[in-house]
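Architecture at a glance
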Amino acid sequence: MLKDISGIIKEELDKISKKIALDKDDTVSLSSNDWMEKDGIRYLKTPIKVHYLPWSIYTLDSLSLTSEHYDPEFLYVFAFSTEKNTNKVLSKVFRDASLREKGYRLYYGFQKEDLNAID
């Protein structure tokens with residue numbers, strides 16, 4: 001399901017990814033046409049390129065599967081858990097499929113505890 005992207009360069013990631021436009025409230029807007037869901041994990045049909053902050057809020061308490069390429073402004077997202085209790089499922093997929101060696105990493109966005117500490 002997830003291709004080996006270990007040899008891909010950032011420019012190629014830009015070509016295969018869809019930049020997500022934010023809505024008028026600066027939030028991520030995805031529809032069910034954008035993913036295929038299995039075991040509480042949403043696998044994106046086309047990887048997305050999205051700003052860190054809106055994505056971290058959109059996926060509050062969830063885990064994302066992203067490219068290992070670092071960008072100071074954007075994440076390249078391939079899959080994400082739908083809620084906190086499916087984080088273990090995505091972690092298991094990551095380990096069992098040796099996705100680190102295939103160019104992916106797990107991204108932990110905001111947790112509710114983090115936001116409570118800001119208040």
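Residues numbered from 1 in each chain as written. Predicted model: local features only at pLDDT ≥ 70, side-chain atom pairs only at ≥ 80, totals over all residues. Heavy atoms only, no water.

1. Brief notes about the layout of surface pockets
The following threshold applies: Residues are called lining when one of their atoms sits within 4 Å of a cavity or pocket point, these points coming from a 1 Å grid over the protein atoms alone, where a cavity is a set in which a 1.4 Å probe fits but cannot get out and a pocket is an open set with protein on both sides within 12 Å along at least five of seven lines. Grid points are joined across faces, edges and corners, and a volume is the space filled by probe spheres set on the points. Numbering of helices and strands starts at the N terminus; helices are DSSP runs of H or I of at least 4 residues and strands are runs of E of at least 2. Side-chain classes follow a simple rule in which Ala, Val, Leu, Ile, Met, Phe, Trp, Tyr, Cys and Pro form the nonpolar group, Asp, Glu, Lys and Arg form the charged group, and the remainder, Gly included, forms the polar group.
Space inside the largest pocket adds up to approximately 300 Å³. Along its surface, the largest pocket is lined by 14 residues, and Met1, Lys3, Lys45, Pro47 and Phe78 are the ones closest to its centre. In terms of residue count, the dominant contributor to the lining of the largest pocket is strand 3 (residues 41-51) (4 residues). Broken down by class, the residue content of the lining of the largest pocket amounts to 11 nonpolar, no polar and 3 charged.

2. Considering the pattern of salt bridges
Threshold: By definition here, a salt bridge exists when the distance from a side-chain nitrogen of Lys or Arg to a carboxyl oxygen of Asp or Glu is within 4 Å. Exposure classes here rest on a 1.4 Å probe applied to the protein chains alone. A residue is buried below 20% of its type maximum, exposed above 50%, and partly exposed in between.
Applying the stated criterion across every chain yields a total of 7 salt bridges. Lysine 10 is paired through a salt bridge with aspartate 71; the nearest N and O atoms lie 3.2 Å apart. Placement of lysine 10 in helix 1 (residues 10-16) and of aspartate 71 in the loop between strand 4 (63-67) and strand 5 (74-81) is noted, with a sequence separation of 61 residues between them. For aspartate 71, a relative accessible area of 8% translates into the label buried. The salt bridge involving aspartate 14 is made with lysine 49; its shortest N-O contact spans 3.0 Å.

3. Some thoughts on the confidence of the model for the protein
As a reminder, the rule being used: pLDDT expresses, on a scale from 0 to 100, how confident the predictor is about each individual residue.
Summary statistics for the protein give a mean pLDDT of 91 and a share of 95% for residues scoring 70 or more. Averaged over each element, pLDDT in the protein is lowest for helix 4 (residues 112-118) (66) and highest for strand 4 (97).

4. A word on the side chain of serine 67
Put simply, the rule reads: Pairing of N or O atoms within 3.5 Å defines a polar contact, subject to two protein rules: one partner must be a possible hydrogen donor and the other a possible acceptor, and residues neighboring in sequence count only if both atoms are side-chain atoms. We call two residues in contact whenever any of their non-hydrogen atoms come within 4.5 Å of each other.
Here serine 67 lies in strand 4. By relative accessible area, serine 67 is classed as buried at 1%. A polar contact of 3.0 Å, which involves the side chain of serine 67, links it to the backbone nitrogen of histidine 69. Residue contacts for serine 67: discarding those within four places in its chain leaves Ile5, Leu13, Tyr76, Phe78, Gly103 and Arg105.

5. Comments concerning unusual backbone geometry
Backbone geometry at aspartate 39 places phi at a positive 55 degrees, although glycine is not the residue there. For aspartate 39, a relative accessible area of 57% gives the class exposed. The phi dihedral of serine 98 falls on the positive side, at around 50 degrees, and the residue is not glycine. With respect to the secondary-structure elements, serine 98 resides in the loop between helix 3 (87-96) and strand 6 (104-108). Judged by its relative accessible area of 34%, serine 98 is partly exposed.

6. A word on the pairing of strand 2 (residues 35-38)
Formally: The criterion for strand pairing is that DSSP finds at least two bridges linking the strands in question.
Here strand 2 runs beside strand 3; their pairing, made up of 4 bridges, is antiparallel. Across the sheet, the residue bridging to methionine 36 is tyrosine 43, located in strand 3. With antiparallel pairing between neighbouring strands as the criterion, strand 2 and strand 3 make up a hairpin whose turn holds 2 residues, including aspartate 39 at a positive phi of roughly 55 degrees.

7. Here's the deal with helix 3
Where we set the bar: Note that the arc is computed from the directions linking the helix axis to the C-beta atoms.
Considered for burial, the residues of helix 3 that qualify are Asn87, Leu90, Ser91 and Phe94. The buried side chains of helix 3 occupy one side of the element, clustering within an arc of 100 degrees when seen end-on. The exposed residues of helix 3 that point more than 90 degrees off its buried face are Lys88 and Asp96. The inward-facing, buried residues of helix 3 contact strand 3, strand 4, strand 5 and strand 6. One or two positions beyond helix 3, positive phi appears at serine 98, with a value near 50 degrees.

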